[in-house]
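An overview of the molecular structure
For reference, the chains in residue letters:
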Amino acid sequence: MARNTGGKAEAAIAEEAHTAAAAVAATATTAEAFENNPLRDPRDKRLPRVAGPCVLVLFGVTGDLAKRKLLPAIYDLGNRGLLPPGFSLVGFARRDWAHEDFAQVTYEAVKQYARTPFRDEVWKQICEGIHFCPGEFHDEGAFDVLAMMLKEIDETRGTGGNYAFYLSVPPKFFPTVVEQLKRTGLAQAPEGSWRRVVIEKPFGHDLKSAQELNAITSAVFPESSVFRIDHYLGKETVQNILALRFANTLYEPIWNRGYVDHVQITMAEDIGIGSRAGYYDGIGAARDVIQNHLLQLLALVAMEDPTSFDAHSLRREKEKVLKAVRLPDDLGLGTTRGQYTAGWQGGESVIGYLEEQGIPADSMTDTYAAIRLEVANRRWAGVPFYLRAGKRLGRRVTEVAVVFERAPHLPFSKDDTEILGQNALVIRVQPDEGITVRFGSKVPGTAMEVRDVSMDFAYGESFMESSPEAYERLLLDVLIGDPPLFPHQREVELSWEILDPIEDYWATHGRPEGYPAGTWGPPSADAMLARDGRVWRRL
Amino acid sequence: MTSFNLTDTQASKISSTLTKLRHQMGAPAVGMVLTLVVVCDEAGQYDSVRAATDAAREHPSRILVVIGRDPNEPNRLDAELRVGESSPGEVVLLRLYGQLTKHAESVISPLLLTDTPVVVWWPGASPDVPAEDKVGKLASRRITDAHAARDSVKAITGRSGGYVPGDTDLAWTRLTTWRSLLAAAFDQNVGKVKKGIVEASRGHASAVLLASWLSERLGAPIQVGESSGPGLTAVRLTLASGGDLTLTRSDARLATLSRPGQPDRRVALARRPTSELIAEELRRLDPDEIYASALRHLANGTK
């Protein structure tokens, strides 16, 4: 698959230079912190990274994400002593609230969803910094009030003009909000302070819209100040992929086409679309999940070792892999999609996608998608990567399974190894985070019968009872200004370049195949693997 | 929680009983990451075991509690095994009688988990040189607690002499939250510090250690003052540029940070329970060089 990258390459180089300079500036703050701060020492590992004084401005505080994840994550950070003294939180929404009302909303969200136990003194610290700014996004007056409020907070709380703007709002509001931030001068950081903007997926619905969206933010904020949240990258297990691969000697020698037969990356959900009909219809599983989460997982599993773990090196290796991804020659045979129909899911009778509220009866949206990709480089040539994602499947599970070749020769009789499968290393992302290794073992008894067994490492068993939520880690990284866990715009665009041809093909070739809710996708998905002589893992 | 008592027993019997109990529960021991040996007396046993089991939630461990009983009785080893459904690890309480009280290591060494770190914690009285203690020798990490000593300041000052990399003291662990806040305050340019004072209740080992750390890092004389407590109450640093940077805490929960030209800010700074201190200790098992140099500075200063 040839890609037109001529003009883009130049732009990329120019931007590279810019981000490299920005990266120097960013790392300088960490190194400087050690240099200029007599109380810090790289050997002093007890002292956590604490963000500097700052304000987090949250747009869309009434949303589900804010209530379930963001507000509790802020409390959890405070509880772990990672928020700076003076940290302030400003909510912005179309509600006739006073500061106290927003504090009450936050309090309830924290009580209900925080991971760590509730402590009065931590709440008191956070509560003192909670402010609310009522208004609509197109209301200039409201943003003027916000600008004034932030100025006042700088004076009363000593936050030094450092603001992070979290846009937890639908993308259609981005232009308005970003424009308002520009107009009020809030996007412009005075000397010695910073301004950052945080955006959530979806980063567009195809390459073109992703570029348009980026044009909006990058017209106002430099790329180094834009933090794109893919909450999967904040998960401990996902970061552990890097540790597993690059801190051990055990796996690297076999991590290539010589030993790996194929890789399966799965994200299965047992729920339907729920109340997300407005967003989901016309988007579908591939755009919703494969474009970001699964391709990021693929990049982490397939990438070469980065020269270091700073943002620049890490992103560069991920980009290389994404650039090397090749689509199947025949998209009809190498991809498939489905749509759930009425059925039984986990003992419950559930309706089909087309019967869901707000879904047109002739919707072509895929609620299941599976694609076969290859990575064209020396390490992976000829090894298929099967990606699948779907709703209303048997159960909720996300995993990466690296399936190895069979032993080249088995010195046992055929009957003895009849039930022996292929060795596999499975990285379980959620739930029950951990790693499973599957290998053959002798069944006790007089016969030499070999059967598959699993060796299990459960993350929660060897380490913390509850590892930090992805959003805790990502919010902290935003406040500190540490970008390695956030995808760069180039990665976003490369992912769309992979997905766009598939979506184009689907748009002109028939309808998604139906599959009953509670099953593991349409028959065509099984047929796709069967053509290669493989089967999906039964999850 | 399944509990099992063995009287007049040996390490091998304890070991096989543990294996049997685990199999009955259907949970093999693969998840455990370290062995924590707690050396204490009967009176301190309950609180220490509680703290250790709480910490084991974060670090699933085999916890071996060594309780020395009457050395004049005939030699005997009693063991109480607890394998819990609620906690991921295992607890073995070992009660030693007679001559055996002097040879605890012979019981412990066969019960250590293979090829994983060993940590020894003395919640009460501790040996002068922990690394040369018979039990301490088995461990890569040795945790003492100066606050358990009658004269805790003398205890912490004396630690320097017997220090071996891998030693640590809970008087130091208690300071992490204070140090973290102070370091965060210094992330913004503060300039030179002329002098300072650390205030705490009388005879507070952590205060002495904090003053030593500050004085070494800042290159300025830091005094230790007395206050009515509880625990550490204040750090006041006089800046060369004029004004004071202070961190004060009067209620053991909420502190106030104030610095020249900036509004006062309140921040949570609660005293932490022992279980959290132990959990912090178990998080990093490499030698704590910063602690070592604070100790050295303290010993040199008081000579």
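A quick note: this is a predicted structure, and the numbers were derived from the prediction, not measured.

On to the packing of aromatic side chains, then. Here the structure, examined in full by the defined rule, presents 23 aromatic pairs over all chains. Taking 5.8 Å as the distance between ring centres and 75° as the angle between the ring planes, the aromatic pair formed by Tyr340(A) and Tyr353(A) counts as edge-to-face. Residue Tyr340(A) is found in strand E9 (residues 335–341), and its partner Tyr353(A) is found in the loop between strand E11 (348–350) and strand E12 (368–375); the two are separated by 13 residues along the sequence. For the pair formed by Tyr340(A) and Tyr353(A), the shared burial category is buried. Members of the aromatic cluster, joined through ring pairs, are Phe59(A), Phe92(A), Phe137(A), Phe143(A), Tyr163(A), Phe165(A) and Phe173(A). Its end group placed over the ring of Tyr340(A), Arg392(A) keeps NZ or CZ at 6.0 Å from the ring centre. When the ring centre of Trp213(B) is taken as origin, the NZ or CZ atom of Arg179(B), which lies over that ring, is 4.9 Å away.

A few words on the UniProt feature "active site" (unreviewed entry) in chain A. When the UniProt feature table is mapped onto this chain, "active site" (unreviewed entry) is found at His293(A). Setting aside residues no more than four positions away along its own chain, His293(A) makes contact with Lys201(A), Asp230(A), His231(A), Tyr232(A) and Met267(A).

Sheet strands line up and pair through hydrogen bonds in the backbone, either parallel or antiparallel. All names here are of chain B. Ordered in space as E10-E9-E11-E12-E13-E14, the six strands form an open sheet in which the pairing is mixed. Where the open sheet ends on each side, the last strands, each with one partner, are strand E10 (222–226) and strand E14 (265–268). Sheet twist, expressed as the average angle between the axes of neighbouring strands with direction ignored, equals 15°. Sheet topology note: the strand E13 (residues 254–258)/E14 ladder contains four bridges and is antiparallel. Among the inter-strand pairings, threonine 256 is bridged to a residue of E14, identified as arginine 266. In the packing of helix H7 (residues 205–218) onto the sheet, the strands contacted are strand E9 (193–200), E10 and strand E11 (232–239), and the crossing angle to E10 comes to about 160°.

Turning to the sheet that holds strand E7 (residues 141–144) of chain B, a few remarks are in order. Residues and elements named next belong to chain B. Across the sheet, which stays open at both edges, the eight strands sit in the order E1-E4-E5-E3-E2-E6-E7-E8 with mixed pairing between neighbours. In this open sheet, the two strands that pair with only one neighbour each are strand E1 (2–6) and strand E8 (167–169). Across this sheet, the average inter-strand angle for adjacent strands is 15°, counted without regard to direction. Examined bridge by bridge, strand E3 (residues 61–68) and strand E5 (residues 90–97) share seven bridges and lie parallel to one another. What sits directly across from leucine 64, in E5, is valine 92. The sheet contacts of helix H2 (residues 45–58) involve strand E2 (34–40), E3, strand E4 (76–83), E5 and strand E6 (118–121), and relative to E3 the element is tilted by about 170°.

Residue and element names in this part refer to chain A. Under the local residue numbering, the UniProt record ascribes the feature "binding site: substrate" (unreviewed entry) to His231, Lys235, Glu269, Asp288 and Lys391. Following the sequence through the fold, histidine 231 ends up in the loop between strand E6 (226–229) and helix H8 (236–246). When residues no more than four places from it in sequence are discounted, the contact partners of histidine 231 are His293, Ala470, Tyr471 and Leu474. Note on placement: glutamate 269 falls in the loop between strand E7 (260–268) and helix H9 (277–280). Overall, glutamate 269 belongs to the buried group, its relative accessible area being 17%.

Our focus in this paragraph is the nonpolar core. Counting 105 residues, the largest nonpolar core has Phe59(A), Leu146(A), Leu150(A), Phe165(A) and Leu387(A) as its most contacted members. Considering each element in turn, this core owes the most residues, twelve residues, to helix H10 (residues 284–302) of chain A. There are two domains that each give this core at least three residues, and those are domain 1 (54–200) and domain 2 (233–468 + 484–531) of chain A. Not counting the four nearest positions on each side in its chain, Phe59(A) is found in contact with Phe92(A), Phe137(A), Phe143(A), Leu146(A), Phe165(A), Tyr166(A), Leu167(A), Ser168(A), Val169(A), Val177(A) and Leu181(A). Listed in part, the 44 residues of the second largest apolar core include Ala155(B), Ala200(B), Ile222(B) and Leu245(B).

Residues and elements named next belong to chain B. Taken as a whole and judged by the stated rule, the model has 52 salt bridges over all chains. Residues glutamate 42 and arginine 95 are paired through a salt bridge, measuring 2.9 Å at the closest nitrogen-oxygen approach. One end of the pair, glutamate 42, is in the loop between E2 and H2; the other, arginine 95, is in strand E5, and 53 residues separate them in sequence. For glutamate 42, a relative accessible area of 27% corresponds to the partly exposed category.

Moving on to the interface of chain B and chain A. Listed by partner, the interface residues are 42 residues for chain B and 34 residues for chain A. Across the chain B to chain A interface the summed buried area is about 3400 Å²; carbon plus sulfur atoms make up 51%. Its largest share of buried area at the contact with chain A, chain B owes to Arg217(B), Arg265(B) and Arg266(B), together 16% of the area lost on that side. Here chain B is connected to chain A by eleven salt bridges. Our enumeration of links across chain B and chain A arrives at 20 residue pairs in polar contact (both at pLDDT 80 or more). Sorting the residues of the side of chain B that touches chain A by element identifies H2, helix H5 (170–173), helix H6 (176–187), H7, E13, E14, helix H8 (274–283) and helix H9 (289–302) of chain B as the ones contributing at least two each. Per element, the largest residue contribution to the side of chain B that touches chain A is nine residues, and it comes from H6(B). Each residue belonging to the side of chain B that touches chain A can be placed in one class, and the counts come to 19 nonpolar, seven polar and 16 charged.

About the cut-offs
- Just so you know, the residues in each chain are numbered from 1, in the order the chain's sequence is written.
- Following the order in which they are written, the chains are lettered starting with A and the ligands numbered starting with 1.
- Local features in this predicted model are restricted to residues whose pLDDT is 70 or higher, and side-chain atom pairs enter the listing and the counts only when it is 80 or higher, whereas totals over whole chains, interfaces and linings include all residues.
- Side-chain descriptors were evaluated using all non-hydrogen atoms of the structure, hydrogens and water having been removed beforehand.
- Think of it this way: a Phe, Tyr or Trp ring, Trp meaning its six-membered ring, pairs with another when their centres are within 6.5 Å, and the plane angle makes it stacked under 30 degrees, edge-to-face over 60, tilted otherwise.
- Helix and strand definitions here come from DSSP, where helices need a minimum of 4 consecutive H or I residues and strands a minimum of 2 consecutive E residues; each element is numbered from the N-terminal end.
- Using a 1.4 Å probe on the protein chains alone, a residue whose accessible area is under 20% of its type maximum counts as buried, one over 50% counts as exposed, and one in between counts as partly exposed.
- A positively charged side chain is recorded as over a ring if its NZ (Lys) or CZ (Arg) lies within 6 Å of the ring centre. The angle to the ring normal must also be within 35 degrees.
- UniProt positions are given in the numbering used here, feature names are shortened, and annotations may be inferred rather than shown by experiment.
- Contacts were defined at the residue level, with two residues in contact if any of their heavy atoms lie within 4.5 Å.
- Here the rule is simple: two strands pair whenever DSSP picks up at least two bridges between them.
- Comment: axis = line fitted to C-alpha atoms, over the contacting stretch for helices; angle = value between 0 and 180 degrees taken between N-to-C directions.
- Each nonpolar core is a collection of buried residues, namely Ala, Val, Leu, Ile, Met, Phe, Trp, Tyr and Cys, held together in the definition by side-chain atoms within 4.5 Å.
- Throughout, the edges of the domains are those of an automatic or database domain assignment.
- Take a side-chain nitrogen of Lys or Arg and a carboxyl oxygen of Asp or Glu: if they are within 4 Å of each other, that pair is a salt bridge.
- Defined here as a combined quantity, buried area equals the accessible surface (1.4 Å probe) lost by two parts on assembly, summed across both.
- Within 3.5 Å is the distance limit for a polar contact, defined as a pair of N or O atoms, with the added protein rule that one can donate a hydrogen and the other accept it, and that residues adjacent in sequence qualify only through two side-chain atoms.
- Gly falls in the polar group here, along with every residue not listed as nonpolar (Ala, Val, Leu, Ile, Met, Phe, Trp, Tyr, Cys, Pro) or charged (Asp, Glu, Lys, Arg).

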